[in-house]
Amino acid sequence: MAPHTLPPSLTELLEVPGIALTIADGDLPGCPLVFANKGFEQLTGYTREEVLGRSCRLLQTVDLAPEASHCLRRAIEHRTPVTMTHENRRKDGSRYDNELTLAPLYSRDGHCYLVGVQRDVSQRLRPRTRWRHQNRLLDRLNAQVPGVLFHYRQAPDGRGDFPHVSERLADYCGLERMALTHDAECFFSRIEDDDRTRLRGSLTSSATSLRLCQVVFRYHHPTRGLRWLECSAVPTRLSNGGTLWHGYTTDVTARKLATERMALAETVFDSTHDGILVTDADKRIIDVNPAFTKLTGYSADEALGRKPHLLSSGKHDANFYHDLFATVHQQGYWTGDIWNVRKDGRQLIENATISAIHDADGTITHYIAVFRDITQKHLKQARLERRAIYDPLTGLFNREHFGDALENLLSGLSYTGIGIAVLFIDLDDFKPVNDTYGHAAGDDALVTIAQRLKQQTRSTDLVARLGGDEFVIALAGMRSAEKAEKVAFKILDDLISPIALRGEHAITLSASVGIAYTDDSRFAPDALIAAADSAMYEAKSRGKNQVAITEHQQANGDDLYTRLQTALDDGELALFYQPILSLNDERIVSFEALV
């Protein structure tokens, strides 16, 4: 259906200078334009030929806000007058503020026309447009900044509200913007009590001095728990005597926790009793803690810029450190003991853990070494281990270790076939030395005797002090007891030399030596020592400074273990069970095994 046309007399009447008029056919779909005057052409840049017959929606060349679009659509559908201002676009693309008045007009036959009157009101609305533009910029700024922008207004009577807050407020504070525009107390009530008092005090001081208000406080978020917020605001005086703050609030919880962790780390770093040193990737020291200075003797100024090698004792070679850092690079850390030296030259044994620190790309940026002084613990352990092996007075092997070492020598006889001789040495008349010169002098004499015994034996031989004035020697690689006997006489010749004591005294000591020899690996160590001991008593019975050789030299002699082993092998042992009776009722209650 074609749109209605207007009579020429009416169109001439509507050519009003300076006013843009359009008429649309309201009864046809899309409401096509049936008239546009010259004022419309001048306002929009469109000729009437370009618009006639087209939908009146071309009057809306810029997308309207949802509310404005709904209002215009409702006016057209219900044939109701409407006046609205919106931004529009001319044919050349330039924008202007368009004031549109749209009203229905009915002909005698009831036909509906929509009469539109448009005016360019940009000059009148320019300040408002600029204000809207600034608001859009502010909204974009509010959306981009990581905190909350706000205006806080406080009346002379102390009541406060927030005329403006950014949309991020809901995330930061868990509150709706509308709630704060009426009453600020819903915000202040969630602040920790002590902090709220301090914040109000800061606001009062800022309002009086008109200086920056800056405070950090704890805030109870309804869903995220306790948060730390930082607020900075600049005050201005209002005409009614109140104060308006222009401010910014940001969540500093992560920064606060990081600061607390850093402070705790610094406290631990400074307070721990373990030494800590930090190096860069080139292993140059960049930081040390007080315990490092206490343990090593080097101050921070003396250590910074140098390498940890300044503590090196020389005990560890280059391979040790190469393997150490290879482990660090492979698994991230190394733990172990390092022998270092203090600034004053004293020994420093450390139990250390060395770790590598990596950046986000996995590149090593620093090394951290944490160590504790285990020097005394290590030396104490070494002393305990030495006491388990050595006689504390003479430094010779003790009885226990000599027995274990002799057992190893005996087990090797099955491969070498060469015998072992044990020399049991007992000093003659040693008790009068202690009684006459004192036990200290006696100890000095025993130390001298021990040194002479070591000098007269080889490194492969075993020399031990069994206790008191008794010594024992195991000679390895002896092919006969006679060779061992020659060694024994050589030892006696050396022992008889004068011994200088404290107080310018000198004594001469002799000894009795018993020898037990075997080339049988089945011989028990205790049996061999006992045989030598028995031979020593035989030597003493002959007088001082004598040597005697035991007659029981083979494993099938007096060695109980050997004899039992032989008896088992030859079937010479028999087992019998003897019942044990109860005297009360003469019942058998157990058995006794007899061999």
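Residues numbered from 1 in each chain as written. Predicted model: local features only at pLDDT ≥ 70, side-chain atom pairs only at ≥ 80, totals over all residues. Heavy atoms only, no water.

Asker: Please set out the packing of helix 18 (residues 439-455) against helix 19 (residues 481-495) residue by residue, giving values where relevant.
Answerer: Packed helices, taken two at a time, are described by the angle between their axes plus the distance between the axes. At a minimum axis separation of 10 Å, helix 18 and helix 19 run at an interaxial angle of 140°. Here helix 19 runs oblique to helix 18, going by the angle between their axes. Note that helix 18 runs across helix 19; the crossing there is right-handed. The residues of helix 19 that touch helix 18, namely those facing Ile449, Arg452 and Leu453, are Ile491, Asp494 and Leu495. Looking at side-chain class alone, the contact of helix 18 with helix 19 contains four nonpolar, no polar and two charged residues. (Axes fitted to C-alpha atoms, helices over the stretch in contact; angles between N-to-C directions. Helix = DSSP H or I, 4+ residues; strand = E, 2+ residues; numbered from the N terminus. Parallel < 35°, antiparallel > 145°, perpendicular 65-115°, else oblique. Left-handed = near helix turned anticlockwise from the far one by under 90°. Contact = heavy atoms within 4.5 Å. Nonpolar A, V, L, I, M, F, W, Y, C, P; charged D, E, K, R; others polar.)

Asker: Quick one: what's the story with the pattern of salt bridges, residue by residue and with numbers?
Answerer: Under the criterion given, the structure shown has 28 salt bridges. Measuring nitrogen to oxygen at the nearest pair gives 2.5 Å for the salt bridge that ties Arg119 to Glu99. Taken together, the residues Arg119 in strand 5 (residues 112-120) and Glu99 in strand 4 (residues 95-106) connect sequence positions 20 residues apart. Judged by relative accessible area, Arg119 falls into the partly exposed class, the value being 43%. Under the relative-accessibility criterion, Glu99 is labelled buried at 15%. As a salt-bridge pair, Asp251 and Arg227 come within 3.2 Å of each other at their nearest N and O atoms. (Salt bridge = Lys/Arg side-chain N within 4 Å of Asp/Glu carboxyl O. Buried < 20%, exposed > 50% of the residue type's maximum accessible area, 1.4 Å probe, protein only.)

Asker: Pulling in residues and values, what's your account of the pairing of strand 17 (residues 462-467)?
Answerer: For strand 17, the tally of buried residues reaches five of six residues, placing the bulk of the element in the interior. When strand 17 meets strand 18 (residues 470-478), the two strands line up antiparallel, connected through five bridges. Bridge pairing links Gly467 to Glu470 in strand 18. In textbook terms, the turn of a hairpin is the stretch between consecutive antiparallel strands, and for strand 17 and strand 18 this stretch comprises two residues, one of which, Gly468, has a positive phi near 60°. (Pairing = 2+ DSSP bridges.)

Asker: How would you sum up empty space enclosed by the protein? Please name residues and give values.
Answerer: One pass over the full model with this rule turns up four cavities of 30 Å³ or more. Estimated volume of the largest cavity: approximately 200 Å³. Along its surface, the largest cavity is lined by 18 residues, and Phe150, Phe162, Phe187, Cys231 and Thr249 are the ones closest to its centre. When residues in the lining of the largest cavity are grouped by element, the largest group, three residues, is from strand 6 (residues 148-154). When grouped by side-chain class, the residues that make up the lining of the largest cavity number 17 nonpolar, one polar and no charged. (1 Å grid on protein atoms, 1.4 Å probe; cavity = no way out; pocket = protein on both sides within 12 Å on 5 of 7 lines; lining within 4 Å. Points joined across faces, edges and corners; volume = space filled by probe spheres on them.)

Asker: Please provide a residue-by-residue account of the side chain of Glu350, values included.
Answerer: The topology assignment puts Glu350 in strand 14 (residues 347-358). At 7.8 Å, Arg342 is the nearest oppositely charged side chain to Glu350, a buried residue that forms no salt bridge. For Glu350, the side chain forms a polar contact with the side chain of Asn340, separated by 3.1 Å. (Lys, Arg positive; Asp, Glu negative; His and termini not counted. Polar contact = N/O pair within 3.5 Å; in protein donor to acceptor, adjacent residues only side chain to side chain.)

Asker: So what's going on with the sheet that holds strand 2 (residues 33-36)? Which residues, and what values?
Answerer: Consider a sheet: its strands pair through backbone hydrogen bonds, and that pairing is either parallel or antiparallel. Reading across from one edge, 2-1-5-4-3 is the order of the five strands in this open sheet, with antiparallel pairing throughout. The two strands at the open ends of the sheet, each matched to only one other strand, are strand 2 and strand 3 (82-89). Strand-to-strand, the axes of this sheet are offset by a mean angle of 25°, without reference to chain direction. Along the sheet, helix 4 (residues 66-78) contacts strand 3, strand 4 and strand 5; its crossing angle with strand 3, the most-contacted strand, is approximately 125°.

Asker: Tell me what's going on with the sheet that holds strand 16 (residues 419-427), and back it up with residues and numbers.
Answerer: Spatial ordering of the open sheet is given by 17-18-16-21-22, a layout of five strands whose pairing is mixed. Edge positions in the open sheet fall to strand 17 and strand 22 (547-549), since each of these has one partner strand only. Across this sheet, the average inter-strand angle for adjacent strands is 20°, counted without regard to direction. Sheet strands in contact with helix 19 are strand 16, strand 18, strand 21 (511-518) and strand 22, and its direction is about 160° off that of strand 21.

Asker: Kindly report on the environment of Thr208, identifying the contributing residues and their values.
Answerer: With respect to the helices, strands and loops of the structure, Thr208 is situated in helix 9 (residues 193-209). C-alpha of Thr208 to C-alpha of Pro235: the two residues are 27 residues apart in sequence and 9.5 Å apart in space. Among the polar contacts listed, one links the side chain of Thr208 to the backbone oxygen of Thr204, at a separation of 2.9 Å.

Asker: Explain helix 19 residue by residue, including any values.
Answerer: Under the 1.5 Å per step criterion, the end-to-end length of helix 19 is 21 Å for 15 residues, consistent within 8% with the ideal 21 Å. Burial in helix 19 covers these residues: Ala481, Ala484, Ala488, Ile491, Leu492, Asp494 and Leu495. Down the axis of helix 19, the buried set is contained in an arc of 160°. They therefore lie on one face. In helix 19, the exposed positions that point more than 90 degrees away from the buried face belong to Lys486, Lys490 and Asp493. Looking at the buried side of helix 19, the elements it contacts are strand 16, helix 18, strand 18, strand 21 and strand 22. (Expected span 1.5 Å × (residues − 1). Arc of directions from axis to C-beta.)

Asker: Lay out a negative patch on the surface in plain terms, naming residues and giving numbers.
Answerer: Where like charges cluster on the molecular surface, the negative patch consists of Glu400, Asp404, Glu407 and Asp526. At three residues, helix 15 (residues 399-411) tops the list of elements feeding residues into the negative patch. In this structure, Glu400 sits in helix 15. Given a relative accessible area of 53%, Glu400 falls into the exposed group. (Patch = residues over 30% accessible without salt bridge, like charges linked within 9 Å, V, L, I, M, F, W, Y side chains within 5 Å. Areas by Shrake-Rupley, 256 points an atom, 1.4 Å probe, with all protein chains shown as cover. Charge placed at Lys NZ, Arg CZ, Asp CG, Glu CD.)

Honestly, it's all geometry; don't read function into it.
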